[in-house]
Amino acid sequence: MGDTNVDLNKIQQIIGTGNYDEARPLLKDYLTENPNDPLALRLYGNTFAYTGFLGKAKKIWRDALRKFPKNVDLLYNYALAHYLQGNLYYARKFWKKALKQTPEDSEIYFNLGQIARDEGRLRAAVSFWRKALKFKPDNVEVMNNIGVAYATLRSFGKAAIWYKKAVKIDKNYALAHFNLANALFEIGEFENAQKHAEISAKLDPSSHLETVSLLTRKIKDRLAGKEPLIVS
């Protein structure tokens, strides 16, 4: 039994280098001798998922879940596969099953928020993301997502609060700076909007330089009285 454990460790090292095609037959041989190893079954599915055969991976994980219905990693991967294929119902179903086993899993709450967002249920998405932050309070991507949700709901003041939280933790988060600039523009804080727009362009010019130029022009027009100020 000790030898097979060593073999699995070696296989994991191969997977870690991205050599999935090399690892797949080794895992198949390992599973012939150890058919009830949930880690090996998950990894075997991974070798298909990461090489473009998501349907095959799903079948492996589905069969594995019949043996190990409470295995969090299998539940998580199976849910993610459904999500990537746009099957939101089953993605939510299996992430919720995983959550019953690990009720403090920030990543699962984040993913459930993504589903709610995709379904247009933005306030539900915010609720899930706030729960995600409860267990991982420094996740700036979640903060940015909450800001985007509020901005979509045209609650720009609330959006700005969350973008500010994100850039306070990560001063180099270009997207949050850009989103903050837009939110501040909408509530009439033009000077601060310009400042954060410039920061975003400096941090990531390929993504934000052109849009920052457009925002700068809008700020100048607003200050010149060419556009009416609408504060939500």
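No experiment lies behind these values; they were computed from the predicted model shown. (Residues numbered from 1 in each chain as written. Predicted model: local features only at pLDDT ≥ 70, side-chain atom pairs only at ≥ 80, totals over all residues. Heavy atoms only, no water.)

Participant: Residue-level account of the pattern of salt bridges, with values.
Facilitator: Tallying each qualifying case throughout the model produces seven salt bridges. Here Arg66 makes a salt bridge to Asp63, at a shortest N to O gap of 2.5 Å. Here Arg66 pairs with Asp63, and both are found in helix H4 (residues 54-67), just three residues apart, close to one helical turn. Overall, the relative accessible area of 61% leaves Arg66 in the exposed class. Glu119 is paired through a salt bridge with Arg121; the nearest N and O atoms lie 2.9 Å apart. You can call Arg121 partly exposed: its relative accessible area is 36%. Through salt bridges with shared partners, a single network forms among Lys59, Asp63 and Arg66. (Salt bridge = Lys/Arg side-chain N within 4 Å of Asp/Glu carboxyl O. Helix = DSSP H or I, 4+ residues; strand = E, 2+ residues; numbered from the N terminus. Buried < 20%, exposed > 50% of the residue type's maximum accessible area, 1.4 Å probe, protein only.)

Participant: Tell me about the packing of aromatic side chains, and name the residues and values.
Facilitator: Scanning the model with the defined rule gives eight aromatic pairs in all. Between Phe185 and Phe190, the aromatic rings sit 5.8 Å apart at their centres with planes inclined by 55°, giving tilted as the arrangement. Each member of the pair, Phe185 as well as Phe190, is classed as buried. Taken together, Tyr76, Tyr83 and Trp95 form an aromatic cluster joined through their ring pairs. Against the face of Phe48 rests Lys56, its NZ or CZ located 5.7 Å from the ring centre. (Phe/Tyr/Trp six-rings, centres within 6.5 Å; stacked < 30°, edge-to-face > 60°. Lys NZ or Arg CZ within 6 Å of the ring centre and 35° of its normal.)

Participant: Which residues make up the layout of surface pockets, and what are the values?
Facilitator: Roughly 160 Å³ of internal volume is contained in the largest pocket. What lines the largest pocket is simply Leu31, Leu41, Tyr44, Lys56, Lys59, Ile60, Asp63, Ala64 and Lys67. When residues of the lining of the largest pocket are traced back to their parent elements, those giving at least two are helix H3 (38-49) and H4. Per-element tally for the lining of the largest pocket: the top contributor is H4, with six residues. For the lining of the largest pocket, the class distribution of residues is five nonpolar, no polar and four charged. (1 Å grid on protein atoms, 1.4 Å probe; cavity = no way out; pocket = protein on both sides within 12 Å on 5 of 7 lines; lining within 4 Å. Points joined across faces, edges and corners; volume = space filled by probe spheres on them. Nonpolar A, V, L, I, M, F, W, Y, C, P; charged D, E, K, R; others polar.)

Participant: So what about helix H12 (residues 190-203)? Which residues, and what values?
Facilitator: With 14 residues, H12 should reach 20 Å at 1.5 Å per residue; the first-to-last C-alpha distance of 20 Å fits that figure. Phe190, Ala193, Gln194, His196, Ala197, Ser200 and Ala201 are the residues of H12 that are buried. Those residues of H12 that are buried are in contact with helix H11 (174-186) and helix H13 (205-223). (Expected span 1.5 Å × (residues − 1). Contact = heavy atoms within 4.5 Å.)

Participant: I'd like a rundown of the environment of Pro35, residues and numbers included.
Facilitator: The residue Pro35 is located in the loop between helix H2 (20-33) and H3 in this model. Assessed through its relative accessible area of 39%, Pro35 is described here as partly exposed. Ignoring any residue separated from it by four or fewer positions in sequence, one finds Pro35 in contact with Leu41 and Lys67.

Just distances and angles here, no functional claims.
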